[in-house]
Amino acid sequence: MGYKVAIVGATGNVGREMLDILAERNFPVDELVPLASSRSVGREVSFGDKVLKCKNLDDFDFTGTDFVLMSAGGDISKHWAPKIGATGAIVIDNSSAFRYHEDVPLIVPEVNAGVLDAYMAKNDRKNIIANPNCSTAQLVVALKPLHDLATLTRIVVSTYQSVSGGGKDAMDELWNQTKGIFVNDTPTPAKFTKQIAFNVIPHIDVFMEDGYTKEEWKVLAETKKMLDSRIKVTCTAVRVPVFVGHSEAVNMEFAKPITPDEARDALREAPGVVVLDKRENGGYATPVEAKGEDATYVSRIREDATVENGLAMWVVSDNLRKGAALNTIQIAETLISRGLMNKQAA
Ligand code: 2RA
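Since we're looking at a predicted model, the values are computed, not measured. (Residues numbered from 1 in each chain as written. Predicted model: local features only at pLDDT ≥ 70, side-chain atom pairs only at ≥ 80, totals over all residues.)

Moving on to unusual backbone geometry. Even without glycine at this site, Asn127 takes up a positive phi of about 65 degrees. Tracing the chain through its elements places Asn127 in the loop between helix 4 (114–120) and strand 8 (128–130). Its identity is not glycine, yet Arg300 carries a phi of approximately 55 degrees, on the positive side. Residue classification places Arg300 among the partly exposed residues on the basis of 17 C-beta atoms within 10 Å. (Helix = DSSP H or I, 4+ residues; strand = E, 2+ residues; numbered from the N terminus. Buried ≥ 20, exposed ≤ 12 C-beta atoms within 10 Å, placed from the backbone.)

Below, the structure written as structure tokens:
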């Protein structure tokens, strides 16, 4: 026996990736229901070798649904997740709506799966589990084994984020501007604040009062929530003209000494990490290799001699997979494998 799974936002970038990953990983699905807003009802999506039509989120009865995977934006999640959770379904939400709530676990299974045991034992749980922001998910996968080894005290992160993090319109904007520039069209920014083709933009999400952007704040708040609230974190988040795959340059300070070799060995053993670190031309990962892959790639591991116990590294992952859809499904798999769902798959 398998599970009844609904996907809210099934026609979006992340929703379609969720459908592919569920099929690829043979997730134990008895019934899959793609859900969308009324204007997308009837649109077809692929699930393995099946084609399914989207049903209307507004009038769907969630009773008897085991998992609801949500990726339709914060407003939809804020409105629907508590109502769906109250029916007994487990909502795994990809938006930022609940990530910072004290009573909602924020989970990357390789980092803090144990938090789920305590949450699922609570009688008053809301049945909402949050998936982190894409830039944090890959970061904490790479930081966790190093933190376990030498205790991180401070990290400085610079992100190089692909346009797919901004949704399909953002991908179309990069594509159309890139083609347009070759025929001398003047690029007209719409989704982005400036030209994105052949450019980089140091601005993702809204500005906050202290001058940081919300994207940068998310890296800070989510790393602290999942890994350790004592780690000092600062971030500069930058959009780059790459379709899929986020990259991050990370400088780290530790409480204890740690060598690049020790870090490399720990990362090689860590779940979800592939170390690709040859000190030669091309001996590092880029978004092109990470696209379509599940792993978080770590490269360029070296000493940062400007601080005591310092290291630097380069981290790359497919933002639509580990940064969103894959992590969501891994949370569902973790609930099953830890015996936290009522029924077990055969
Ligand atoms: C971005 N972090 O890349 C967002 C997506 N979650 O814009």
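So, on to the environment of Lys194. If you trace the backbone, Lys194 turns up in the loop between helix 6 (168–182) and helix 7 (214–226). Among residues more than four places away in sequence, those in contact with Lys194 are Pro189, Asn199 and Ile201. (Contact = placed C-beta atoms within 7 Å.)

In the vicinity of the ligand, the contacting residues are Asn133, Cys134, Ser135, Gln161, Gly165, Gly166, Ile204 and Glu215. Broken down by class, the residue content of the shell around the ligand amounts to two nonpolar, five polar and one charged. (Near = placed C-beta within 6 Å. Nonpolar A, V, L, I, M, F, W, Y, C, P; charged D, E, K, R; others polar.)

A separate point is the sheet that holds strand 1 (residues 3–8). Pairing in this open sheet of six strands is parallel, and the strands run 5-2-1-6-7-8 from one edge to the other. The open sheet terminates on both sides in strands that have one partner only, identified here as strand 5 (55–56) and strand 8. For strand 7 (residues 90–93) and strand 8, the ladder comprises three bridges, and the chain directions are parallel. Bridge pairing links Val91 to Ile128 in strand 8. Of the strands in this sheet, strand 1, strand 2 (29–36) and strand 6 (67–70) touch helix 1 (residues 13–24), which is tilted by about 155 degrees from strand 1. (Pairing = 2+ DSSP bridges. Axes fitted to C-alpha atoms, helices over the stretch in contact; angles between N-to-C directions.)

So, about the sheet that holds strand 14 (residues 310–317). Backbone-to-backbone hydrogen bonds join strands into a sheet, with any given pair of strands oriented parallel or antiparallel. Strands sit in the order 10-9-11-14-13-12 across an open sheet of six strands; the sheet is mixed. Pairing within the sheet leaves two strands with one partner each, and these edge strands are strand 10 (232–239) and strand 12 (273–275). For this sheet, the mean angle separating the axes of adjacent strands, direction not counted, is 20 degrees. The sheet contact formed by strand 11 (residues 246–254) and strand 14 spans eight bridges and is antiparallel. Paired with Glu253 across the bridge in strand 14 is Gly310. Contacts from helix 5 (residues 134–150) reach strand 9 (152–161), strand 10, strand 11, strand 12, strand 13 (296–303) and strand 14, with the element oriented near 30 degrees to strand 11.

Per the UniProt record, the feature "binding site: NADP(+)" (unreviewed entry) sits at Thr11, Gly12, Asn13, Val14, Arg39, Ser40, Ser164, Gly165 and Asn319. Taken together, the annotated residues stretch across 309 residues and extend over separate regions, lying up to 26.9 Å apart by C-alpha. You can see Gly12 is positioned in the loop between strand 1 and helix 1. According to the C-beta neighbour criterion, Gly12 is buried, with 20 such atoms within 10 Å. Filtering out sequence-adjacent residues up to four positions away, Gly12 remains in contact with Ser71, Ala72, Gly167 and Lys168. Looking at the secondary structure, you find Asn13 in helix 1. Assessed through the 22 C-beta atoms surrounding it within 10 Å, Asn13 is described here as buried. When residues no more than four places from it in sequence are discounted, the contact partners of Asn13 are Ser164, Gly167, Lys168 and Leu320. (UniProt positions renumbered as here; feature names shortened; annotations may be inferred.)

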